[in-house]
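Remarks on the overall topology
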Amino acid sequence: MRKIERVYVGGKRVVPHGTELFHLYNPSEEKIIGQVRLADEQDARAAIAAAKAAQAPLSRTSKAERIDMLRQLHAEIERRHKAIMLASMLEYGAPAKRAEAAARHATQSLADAIEILKSYEFERKAGTADVVMRPIGVAGLITPWNSNAGFICSKVAYALAAGCASIVKPSEMSAFQTDVVIDAFLAAGLPPGVVNILTGRGETVGTVLTSHPDVAKISFTGSTAVGKQILRAGAETCKRVTLELGGKSPTIILDDANLEKAIPMAIAAGFINSGQACLAGTRILVPRSIQPAAEELIRRTVEATRVGRPDDADAVIGPMVSQKQWERVQRYIRTGVAAGARLLTGGEGRPKDLPRGWFVRPTVFTDVRNDMQIAQEEIFGPVLSVLPYDNEEEAISIANDTTYGLQGYVFSADTQRALRVAEEIEAGRIQVNTLTHEPLAPFGGVKQSGIGRENGVYGLEAFLEPKAILTAI
Ligand code: NAD
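We now turn to the structure provided with this report. In this text the structure is predicted, and so the values were computed from the model without any measurement. (Residues numbered from 1 in each chain as written. Predicted model: local features only at pLDDT ≥ 70, side-chain atom pairs only at ≥ 80, totals over all residues. Heavy atoms only, no water.)

**So, the overall build of the chain**
Check the secondary structure of the chain and you find 15 helices and 21 strands. At 23 Å, the chain has a C-alpha radius of gyration in line with the 23 Å of a compact globule built from 473 residues. C-alpha atoms of the chain, sized along the principal axes, occupy 70 × 60 × 40 Å. For the chain, the residues scored as buried account for 59% of the 473 residues in total. Considering only contacts within the chain whose residues lie at least 6 apart along the sequence, 72% involve residues at least 24 apart. Summing over all exposed atoms, the chain offers an accessible surface of approximately 19,000 Å²; the carbon and sulfur share of this is 52%. Each charge class in the chain can be summarised by its mean position, and for the 55 positive and 54 negative side chains these summaries are 5 Å apart. (Helix = DSSP H or I, 4+ residues; strand = E, 2+ residues; numbered from the N terminus. Rg over C-alpha atoms; globule rule 2.2 N^0.38 Å. Buried < 20%, exposed > 50% of the residue type's maximum accessible area, 1.4 Å probe, protein only. Contact = heavy atoms within 4.5 Å. Areas by Shrake-Rupley, 256 points an atom, 1.4 Å probe, with all protein chains shown as cover. Lys, Arg positive; Asp, Glu negative; His and termini not counted. Charge placed at Lys NZ, Arg CZ, Asp CG, Glu CD.)

**Things to note about the nonpolar core**
Leu70, Ile77, Phe185, Leu190, Val195 and Phe463 are the most contacted members of the largest nonpolar core, which has 88 residues in total. Top contributing element to this core by residue count: helix H5 (residues 148-162), with 10 residues. (Core = buried A, V, L, I, M, F, W, Y, C linked by side-chain atoms within 4.5 Å.)

**Overview of the environment of Glu348**
Mapped onto the elements, Glu348 comes out in the loop between strand E15 (342-345) and strand E16 (363-366). Judged by its relative accessible area of 42%, Glu348 is partly exposed. Ignoring anything within four residues of it in the chain, the contact list for Glu348 reads Gln330, Ile333, Arg334 and Arg361. Side chain to side chain, Glu348 and Arg334 meet in a polar contact 2.9 Å long. (Polar contact = N/O pair within 3.5 Å; in protein donor to acceptor, adjacent residues only side chain to side chain.)

**Brief notes about helix H2 (residues 63-79)**
Owing to its 3.6 residues per turn, the α-helix brings residues three or four apart onto one side. With 17 residues, H2 ought to run about 24 Å at 1.5 Å a step, and its terminal C-alpha atoms sit 24 Å apart, in line with that. Residues of H2 that are buried include every one of Arg66, Ile67, Met69, Leu70, Leu73, His74, Glu76 and Ile77, and no others. Packed against the buried residues of H2 are helix H1 (41-59), helix H3 (81-92), helix H4 (96-119), H5 and helix H6 (175-188). (Expected span 1.5 Å × (residues − 1).)

**Some remarks on the layout of surface pockets**
The volume enclosed by the largest pocket comes to roughly 1,500 Å³. Along its surface, the largest pocket is lined by 50 residues, and Trp145, Met173, Ser223, Val226 and Lys324 are the ones closest to its centre. Mapped onto the lining of the largest pocket, the elements with two or more residues apiece are strand E4 (21-26), helix H7 (202-211), strand E11 (217-221), helix H8 (224-235) and helix H11 (323-338). Of the residues that constitute the lining of the largest pocket, the class distribution is 20 nonpolar, 19 polar and 11 charged. Its volume calculated, the second largest pocket comes out at about 1,300 Å³. (1 Å grid on protein atoms, 1.4 Å probe; cavity = no way out; pocket = protein on both sides within 12 Å on 5 of 7 lines; lining within 4 Å. Points joined across faces, edges and corners; volume = space filled by probe spheres on them. Nonpolar A, V, L, I, M, F, W, Y, C, P; charged D, E, K, R; others polar.)

**Examining the packing of aromatic side chains**
Geometrically, a pair of aromatic rings is defined through the distance of the ring centres and the angle of the planes. Evaluated as defined, the whole model comprises five aromatic pairs. Taking the centre distance of 6.3 Å and the plane angle of 65 degrees together, the rings of Tyr8 and Phe185 count as edge-to-face. Taken together, the residues Tyr8 in strand E2 (residues 7-9) and Phe185 in helix H6 connect sequence positions 177 residues apart. Taken as a pair, Tyr8 and Phe185 share a single burial class, namely buried. Residues Tyr92 and Trp145 carry aromatic rings whose centres are separated by 5.9 Å and whose planes lie at 50 degrees to one another, so their mutual orientation is tilted. One end of the pair, Tyr92, is in helix H3; the other, Trp145, is in the loop between strand E8 (139-142) and H5, and 53 residues separate them in sequence. For Trp145, a relative accessible area of 14% corresponds to the buried category. (Phe/Tyr/Trp six-rings, centres within 6.5 Å; stacked < 30°, edge-to-face > 60°.)

Remember, this is a structural readout, not a statement about activity or role.
Laid out in structure tokens, this is it:
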């Protein structure tokens with residue numbers, strides 16, 4: 001069993017003051033595979049002090065110097081692509097293809113930040129004033145378990161590009177990925193304190209970060225419930241926040257859509273990252289006039305979707321990350337049945353051929369009403385709802401009848417019609433007749449899916465604040 005006993009503070013790997021040991025599991029086997037020694041409040045304060053000491057010199061670095069640091073990091077992360085991938089397959093159960101994409105996200109975001117930084121104008125004019133975009137200050141970066149290495153790298157990439165020293169608090173459940181990332185940061189030889197990484201609990205390390213007066217900015221990816229706690233904790237010191245939270249994204253299939261193309265994409269959107277994705281399209285809106293044909297295709301597509309262990313090359317859906325998450329998904333399946341939704345495929349329990357591991361049967365409910373719990377709450381597993389609608393106006397109204405607003409999907413044979421519908425959906429990002437990713441496009445949500453945007457120039461500006469200089473002529 002592997003034991004991870006050190007954190008990265010002040011440019012070194014050090015043993016934390018905290019002594020609590022946290023079990024790490026292989027979710028495909030329900031087996032303990034390691035332990036991580038958790039940092040505590042005292043470690044968090046030490047990391048903040050290290051970042052604070054690094055902040056002033058970092059804010060004075062030139063663009064070229066920051067690009068240099070980012071290039072070093074990029075090279076070291078890229079060198080560990082396979083190790084990041086294997087760590088996420090092991091501790092998170094990500095199917096190989098998904099793990100590969102997540103590891104690529106880590107490298108790509110560093111490359112993107114370099115390109116953005118190259119052409120970004122930090123100085124501009126506003127009337128007679130000179131405006132300089134200044135780093136906000138020390139940043140606390142908090143990541144979830146569903147793409148830990150990727151989020152650490154994307155948040156650090158833009159914080160560093162902006163000139164913000166940071167303290168990263170990764171998810172407790174992702175210590176293997178974090179350890180590989182720390183290796184890369186050490187090898188990159190960044191100045192001490194510019195980035196600090198410590199695994200610890202949200203209630204301890206997280207709370208210190210979100211309330212400490214020397215932390216100016218929090219960039220958080222995680223649940224809406226914790227996002228709200230972070231807003232409250234940061235209010236006292238007026239922290240700037242970027243909150244990337246949950247979702248219950250609608251997929252609108254319009255009546256002219258080519259179902260043979262649209263349905264497989266809708267199902268893939270629902271099952272992204274084994275259903276454990278903030279942007280998963282979990283509410284599929286289908287015209288009542290074509291409901292039987294759509295349902296039949298949905299059922300066939302889902303039943304052909306392979307659930308399996310990460311080393312099963314054909315697997316699309318892996319296990320849930322933890323027993324708690326598995327039980328939560330099972331509870332939601334029971335909730336759907338109890339509410340009177342019709343089970344189209346799947347249901348409670350494990351797939352027949354996977355008696356061990358936190359695997360879930362890919363499940364689709366139909367005749368779901370949007371006021372049902374399964375249509376309103378983020379389940380975070382491969383459980384989808386089909387909601388019939390009578391006309392376009394009703395589809396838009398159902399799509400927007402949610403507290404979330406992260407992403408939306410529209411499928412139609414008529415792109416202009418799909419774009420008109422997309423215009424009406426309240427969400428930070430819409431995919432029209434596609435499932436794609438654009439790393440330079442702003443990413444983030446409206447309503448309770450978050451505050452602010454990440455990625456590209458928007459991601460850089462999330463760590464900057466304008467300072468106006470007015471000079472006597
Ligand atoms: P979570 O909110 O439970 O935890 C996220 C992180 O916050 C972890 O590192 C955790 O330790 C920390 N944390 C917990 N309590 C805290 C506190 N009081 N103060 C500070 N930090 C605290 O989320 P999770 O279960 O790890 O991840 C799944 C959630 O993340 C889902 O809701 C998903 O939608 C969301 N998510 C959103 C995005 C996005 O970009 N919008 C991306 C991925 C995941």
